[in-house]
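# Reading the structure
What follows is each chain in one-letter form.
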Amino acid sequence: MTAMQDLNDLYFFANVVQEGGFTAAGRSLGIPKSRLSRRIAELESRLGARLLQRNTRGIALTDLGNRYYQHCQVVIAAAEAAELAVTSSLAEPSGTVRVTCVVAIAQSEVATALPAFLERYPKVNIDLLFTNRRVNLLEEGVDVAVRVRALEDEDPNLATRRLRAASGVLVATPELMSRYAAPRHPRDLTKLPFLGAVERDRRVHLMLDGPDKERFELVAEPRLAAEDFSLRKRAALHSLGLTMLPTEYCMEEMDQGSLVHVLPDWSTPAGHLQVVYPTQRGLLPAVRVFVDFLIEHLSKMRAAPGNCPR
């Protein structure tokens, strides 16, 4: 009982701070100002510390009060998340889930699995965006992303479920490479026409790891700016430029010799196909079941085109 009263006092104290005084907090909580003031006074007495400075203009936090308030916020958020976890588990999944997915994975594996999900959860709608662009989930209001990232290249504020390893290779036709001096370093590749997905500066950015742990960022102005791997492979096979492709997507062409691996001592940083999603306030039922569905289906499917950084 004492523990529960202490938790209530945390909640009361946080509300007084947030509302800027006892009168406003009392109205917000539906508690008389006198009762609220007494509870905070008892809290300070029990702690043996002054948390609030009271004056004619209102209240102000003491240094200890400010530290205590920060901890109160954490405890309250955890309690709300715990309640949401239970109510979400009991609720029937419904509503719209906004999803972003790399193009090749969306067109093959997600497209194959999605009808079964929609049949299983008739009240859930999926808003699916095909893009290889780096989407900021928190800023753009996206619930789930399926994308390829290097091990150290993901937002730490997101929950991450890795599905499988991903790699990519720089390829071009032997004919194209014969027109230029043999490259010895990625900086030599800026002389070649490039095919690739661009960033906001309208240039291709590729991070490459080489011998002796050297890392080099290749920045090139593309002859063809395109996210679609299929289009880029077709253009590369016509000797229109050098491009980065998923290893699985060009293995046959490399075996046949129609494409060659350029700078084989250099590679994209080790990465994974992964599902990422925000979890600050817990997952809504529709998001939770969709994440579970993606993990189940994408983990067991054969590696498909798209498994490499752009």
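Residues numbered from 1 in each chain as written. Predicted model: local features only at pLDDT ≥ 70, side-chain atom pairs only at ≥ 80, totals over all residues. Heavy atoms only, no water.

## Some remarks on the sheet that holds strand 5 (residues 144-150)
Stated precisely, the cut-off is as follows: Strands were regarded as paired on the criterion that DSSP finds at least two bridges between them. Working definition: helices are DSSP H or I runs of at least four residues, strands are E runs of at least two. Numbering for both runs from the N terminus. Simply put, an axis is a line fit to the C-alpha atoms, just over the touching stretch for a helix, and the angle between two N-to-C directions goes from 0 to 180 degrees.
With mixed pairing, the five strands of this open sheet are ordered in space as 4-3-5-14-6. On the outer flanks of this sheet lie strand 4 (124-130) and strand 6 (158-166), each paired with one strand and no other. Along the sheet, successive strands turn relative to each other by an average axial angle of 25 degrees, direction set aside. The pairing of strand 3 (residues 95-101) with strand 5 spans three bridges and is parallel.

## Concerning the packing of aromatic side chains
Applicable threshold: Only Phe, Tyr and Trp rings are paired, with Trp represented by its six-membered ring, and only when their centres lie within 6.5 Å; those with planes under 30 degrees apart are stacked, over 60 edge-to-face, the remainder tilted. Exposure categories follow from relative accessible area, calculated using a 1.4 Å probe and restricted to protein chains: below 20% of the type maximum is buried, above 50% is exposed, and the middle band is partly exposed.
Under the criterion given, the structure shown has five aromatic pairs. Look at Tyr11 and Phe12: their rings are 6.5 Å apart centre to centre, the planes differ by 45 degrees, and that puts the pair in the tilted class. According to the relative accessible area criterion, Tyr11 is partly exposed, its value standing at 39%. Judged by relative accessible area, Phe12 falls into the buried class, the value being 9%. Ring geometry for Phe13 versus Tyr68: centroids 5.4 Å apart, planes at 65 degrees, classification edge-to-face. On the criterion of sequence distance, the pair formed by Phe13 in helix 1 (residues 2-19) and Tyr68 in helix 4 (residues 63-90) is long-range, its members being 55 residues apart.

## Brief notes about the side chain of Thr247
Just so we agree on the cut-off: For this analysis, a polar contact is any N or O atom pair within 3.5 Å, provided that within protein one partner can donate a hydrogen and the other can accept it, and provided that sequence-adjacent residues contribute only side-chain to side-chain pairs. Note on contacts: a residue pair is in contact if any heavy atoms of the two residues lie within 4.5 Å.
Turning to its location among the elements, Thr247 is positioned in helix 9 (residues 247-256). Side-chain polar atoms of Thr247 contact the side chain of Ser167, separated by 2.8 Å. Those residues in contact with Thr247, other than ones at most four positions away along the chain, are Ser167, Gly168 and Val169.

## A look at unusual backbone geometry
We note that Ser239 has phi near 65 degrees; this positive angle belongs to a residue other than glycine. Relative to the helices and strands, Ser239 resides in the loop between helix 8 (229-237) and strand 12 (242-246). Classification of Ser239 by relative accessible area gives buried; the value is 5%. Positive phi is not limited to glycine here, since Leu263 has a value of about 50 degrees. Looking at where Leu263 falls in the secondary structure, it is placed in the loop between strand 13 (260-261) and strand 14 (271-278).

## Quick notes on the pattern of salt bridges
Rules: For this document, the term salt bridge refers to a Lys or Arg side-chain nitrogen within 4 Å of an Asp or Glu carboxyl oxygen.
Across all of its chains, the model carries eleven salt bridges by this definition. Close ionic contact of Lys123 with Glu92 constitutes a salt bridge, the shortest N to O distance being 3.3 Å. Of this pair, Lys123 sits in the loop between helix 5 (103-120) and strand 4 while Glu92 is found in the loop between helix 4 and strand 3, placing the two residues 31 residues apart along the sequence. The salt bridge partner of Asp127 is Arg98, with a shortest N-O separation of 3.7 Å. On the criterion of sequence distance, the pair formed by Asp127 in strand 4 and Arg98 in strand 3 is long-range, its members being 29 residues apart.

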